[in-house]
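# A structural walkthrough
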Amino acid sequence: MPHLTLQYTDNLALDARALLSRLNQVLLDSGHFDEEAIKSRAVALSDFLVGTDAHAARAFVHARLRILPGRDEAVRTQLSEALLHALREHVPAGPHALQICTEVGELPASYRKTTVLPPSSPASS
């Protein structure tokens, strides 16, 4: 926790890995999460439509953050605004009308996590 999913239209010239790194830093800087707990992924969308005009030069980026229950609306709003600000700074619009969206919601009560560490290597002699 948290889990960040970034979806973006593939008509954007986007360095997804660099953007994920920036968004993870935003989450770390918020003071609400431990560095090793932040998980993010990016999904380029090749099949998309914005509005009804398939030939319009339109694009979007949507960041969806899921966190454990218990944080109040003010914290969720603060996180959403911080992610939106970072996206506005780092996503190039290019020739497209660009919509940037963020949302923060809670993980379901059924969410579970475990960490499996690699086996320790034998000591060198």
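This section reports on the structure supplied with the text. (Residues numbered from 1 in each chain as written. Predicted model: local features only at pLDDT ≥ 70, side-chain atom pairs only at ≥ 80, totals over all residues. Heavy atoms only, no water.)

## What about the side chain of His-62?
Residue placement: His-62 occurs in strand S3 (residues 58-67). A polar contact of 2.8 Å, which involves the side chain of His-62, links it to the side chain of Glu-103. Discounting chain neighbours no more than four positions away, the residues touching His-62 are Thr-5, Leu-6, Gln-7, Cys-101 and Glu-103. (Helix = DSSP H or I, 4+ residues; strand = E, 2+ residues; numbered from the N terminus. Polar contact = N/O pair within 3.5 Å; in protein donor to acceptor, adjacent residues only side chain to side chain. Contact = heavy atoms within 4.5 Å.)

## Comments concerning the pairing of strand S1 (residues 3-9)
Extensive coverage of S1 is indicated by the burial of five of its seven residues. Inspection of the sheet shows S1 paired to strand S2 (residues 39-45) by seven bridges, in the parallel sense. Residue pairing in the sheet places Gln-7 in a bridge with Val-43 of S2. Each parallel crossover has a hand, and the one from S1 via helix H1 (residues 16-29) to S2 is right-handed. In the sheet, S1 pairs with S3 via six bridges, with the strands oriented antiparallel. Its bridge partner lying in S3, Leu-4 is registered against Leu-65. (Buried < 20%, exposed > 50% of the residue type's maximum accessible area, 1.4 Å probe, protein only. Pairing = 2+ DSSP bridges. Right-handed = clockwise from strand over helix to strand, strands pointing away.)

## Focus on the packing of H1 against helix H2 (residues 73-90)
Any two packed helices are characterised by how steeply their axes cross, that is the angle between the axes, and by the distance between the axes. Axis separation between H1 and H2 bottoms out at 10 Å; the angle between their running directions is 150°. It follows that H1 is roughly antiparallel to H2 by the angle criterion. Like other packed secondary-structure pairs, H1 and H2 cross with a definite hand, here right-handed. Each of Leu-19, Arg-22, Leu-23, Val-26 and Leu-27 in H1 lies in contact with H2, whose residues at this interface are Leu-79, Ala-82, Leu-83, Ala-86, Leu-87, Glu-89 and His-90. Residue composition of the contact of H1 with H2, by class: nine nonpolar, one polar and two charged. (Axes fitted to C-alpha atoms, helices over the stretch in contact; angles between N-to-C directions. Parallel < 35°, antiparallel > 145°, perpendicular 65-115°, else oblique. Left-handed = near helix turned anticlockwise from the far one by under 90°. Nonpolar A, V, L, I, M, F, W, Y, C, P; charged D, E, K, R; others polar.)

## Quick look at the sheet that holds strand S4 (residues 97-106)
Spatially, four strands are ordered S2-S1-S3-S4 in an open sheet, and the strand pairing comes out mixed. Sheet topology places S2 and S4 at the edges, where each strand pairs with a single neighbour. Taken pair by pair, the neighbouring strands of this sheet meet at an average axis angle of 10°, ignoring direction. Where H1 meets the sheet, its contacts fall on S1, S2 and S3, and the angle it forms with S1 comes to roughly 145°. On top of the sheet, H2 reaches S1, S3 and S4; it is set at about 155° to S4, its chief contact.

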